[in-house]
Amino acid sequence: MSQLPLERRRRLRLRRRGVLPGFGLTLGYTLFYVGLLVLLPLFALVFKSSTQGLSAFVNAVTDERALLAYWLSFRTALAGAAINAVFGVVVAWVLVRYTFPGKSLLDALVDLPFALPTAVAGIALTAVYSENAWVGSKLMSMDVKVAFTQLGIVVALTFIGIPFVVRTVQPVLEELETDVEEAAALLGAGRVQTFWRVILPSLMPAILTGFALAFARALGEYGSVVFISGNMPMKTEIAPLLIVTKLEQYDYAGATAIATVMLTASFLLLFGINLLQRWARRAEA
Amino acid sequence: MSGVVGQRARRFPVKRRSQVAVEGPWLRALLIGVAAAFLGVALLLPLSVVFASAFSKGIGPFWAALTEPETWSAIQLTLLTAGISVPLNAVFGIAAAWLVSRYDFWGKSALITLIDLPFSVSPVIAGLIFVLLFGAQGLWGPWLSEHDIKIIFAVPGIVIATTFVTFPLVAREVLAVMQAQGSDEEEAALTLGASGWQIVTRITLPKVRWGLIYGVILSNARAMGEFGAVSVVSGHIRGQTNTMPLHVEILYNEYNFVGAFAVAALLASLSLVTLLVKKSVELNAELNARRMAKASSVARSSLVPSSSLAGAALSARPNESRA
């Protein structure tokens, strides 16, 4: 092989940046695109909310209707994510450990909420659970009202979050060595006991990550909720909907203030998820 | 119970999937039943309701609803929006994935977080930030109106908001594949004298094509179906700034259920196609991996992209580069 220039050989050995060309070009382009599309608009949001004066900001943020909206968003998102944490583990378990007819259909179906437009999910869920539909009327006769109640919001947020827990637990479960389970079985542990004591602890980081991702997604969800919630102020009005309502009344300052609170919450969550994933990686290693 | 376990354990050597640590048939059936019932009620039921409602009055009204001029203009606007934002995000996705998977540099994890950021921003807030930037009361609003440029409540705003909401999708899919495959071939090509452009078009793009295809399809489905962000910036002008999901809302609120579900069925079909593509990409990757493993006696574990593809859509954030 011909002699490489000394400079390039040194870089080959060092491999700090990687030897392949295009670092400057891709870095420049990526930074330009991210800056234009993400940083600049976020800066506008922060700038706008900082120019409206502290007292107006505090008033908008701590308004009773706004407080009720945050609380409702928080509660329903938590409930949806909790339901998904439980059933998501069952679904992931079944998809990884068993073979049965229709398995690959079920596996493909899990991603539906990720691909289906939220507005379509919204009207479909409303159609399923409204009082004059078959399921809705059955539930009504049992005195359970879903559409246009807080329960309906939980149903929509559960739908939205399904892929998150399943898809984070699935790969971890696939990688999980079964020798520890065998050891537990040989030592006389039943299957249920093995699951609680041996398997669940090693799945916990993945479950928590999936739970947090589903929660974060549910917190900001709008499209699927507006149809099923009925949007009654102080009762079934989630925070993203309140932002839209304020915008429709041309109350830009109020909308921005609430958006700032929500955005701060999502960033804190994102930070928490990052820590969780670091922990999960360490647990795997 | 322990007696059975002991008996089975004596039959060494144990096969790969041991018979010791398995559930009884009843528990197994119960778990499968719970999983199927959950997904059936939560996913299959609403999905089938969309199609059932769309065709509830037969194929005639369904077709009539789709060929209505306002619906048609919504379809055209949706196609235009996706036609602009998807290619933009695809080019960005390839560049960003190349950058993150091939080089180590200061601030890399911060950059990855920034790329993922639109996923954690509520769609409504995504719309709002562009209103604050380009709207009449916005930062650049006065300048824009002076020059008679309309972005908010017009098509450009819809395109920008859609691009923002969907922009990590291609990058994530391609990045997952690039990281799993490593850059040995590219480095070999470099030492043989290939130029950067040659490396990208002849080696990298063919290598990551399945991830790229799925990323583009998913990004397209999300671009066409985006509701919250577009709803905030569009202004809902019928026949002008109404995308398909917004048109679904308008028809639904007018109690035109057949019309609303007809458009919804069209969007739902698109998402089913997306799932189908994902499944075939996964199968393809699995086949490739098996072929590779057979072909080379030196099996490299990093070449098996099945889990990386399967989970790439949502799962773990890209790890540090393995290069």
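Since the structure is predicted, the reported quantities are computational estimates derived from the model, not experimental observations.

**Remarks on the domain arrangement of chain A**
Then step 1. In terms of domain boundaries, chain A breaks down into domain 1 (20-51) and domain 2 (56-284).
Then step 2. On a C-alpha basis, the centroid separation for the pair domain 1 of chain A and domain 2 of chain A is 30 Å.

**A word on the domain arrangement of chain B**
Residues and elements named next belong to chain B.
Then step 1. Assigned domains within chain B: domain 1 (24-54) and domain 2 (59-312).
Then step 2. With five residues of domain 1 at the contact, the number on the domain 2 side is eight residues.
Then step 3. Classifying every residue of the side of domain 1 that touches domain 2 by side-chain character gives four nonpolar, one polar and no charged.

**Looking at the interface of chain B and chain A**
Then step 1. Each partner contributes to the interface: chain B provides 88 residues, whereas chain A provides 86 residues.
Then step 2. At 18 residues, helix H2 (residues 25-54) of chain B tops the list of elements feeding residues into the side of chain B that touches chain A.
Then step 3. Within the side of chain B that touches chain A, the residues separate by chemical class into 62 nonpolar, 16 polar and 10 charged.

**Section: the nonpolar core**
Then step 1. Core analysis: the biggest nonpolar cluster contains 175 residues, and Val120(A), Leu128(B) and Ala264(B) have the highest contact counts within it.
Then step 2. Among the elements that take part in this core, helix H4 (residues 64-97) of chain A stands out by supplying 14 residues, more than any other.
Then step 3. Among residues more than four places away in sequence, those in contact with Ala264(B) are Val120(A), Ile123(A), Val50(B), Ala54(B) and Val248(B).

**Describing the confidence of the model for chain B**
Regions with low pLDDT carry predicted coordinates that are not meant to be interpreted in detail.
Residue and element names in this part refer to chain B.
Then step 1. In this model, chain B carries an average pLDDT of 83, and 85% of its residues clear a pLDDT of 70 or more.
Then step 2. Low pLDDT, under 50, characterises residues 299-323; the stretch is placed with 69 contacts to residues that sit more than four places away or in other chains.
Then step 3. With a pTM of 0.85, the predicted complex shows an ipTM of 0.87.

Each value, and the rule that gives it
Residues numbered from 1 in each chain as written. Chains lettered and ligands numbered in written order. Predicted model: local features only at pLDDT ≥ 70, side-chain atom pairs only at ≥ 80, totals over all residues. Domains from an automatic or database assignment. Contact = placed C-beta atoms within 7 Å. Nonpolar A, V, L, I, M, F, W, Y, C, P; charged D, E, K, R; others polar. Helix = DSSP H or I, 4+ residues; strand = E, 2+ residues; numbered from the N terminus. Core = buried A, V, L, I, M, F, W, Y, C linked by C-beta atoms within 7 Å. Buried ≥ 20, exposed ≤ 12 C-beta atoms within 10 Å, placed from the backbone. pLDDT = per-residue confidence, 0-100.

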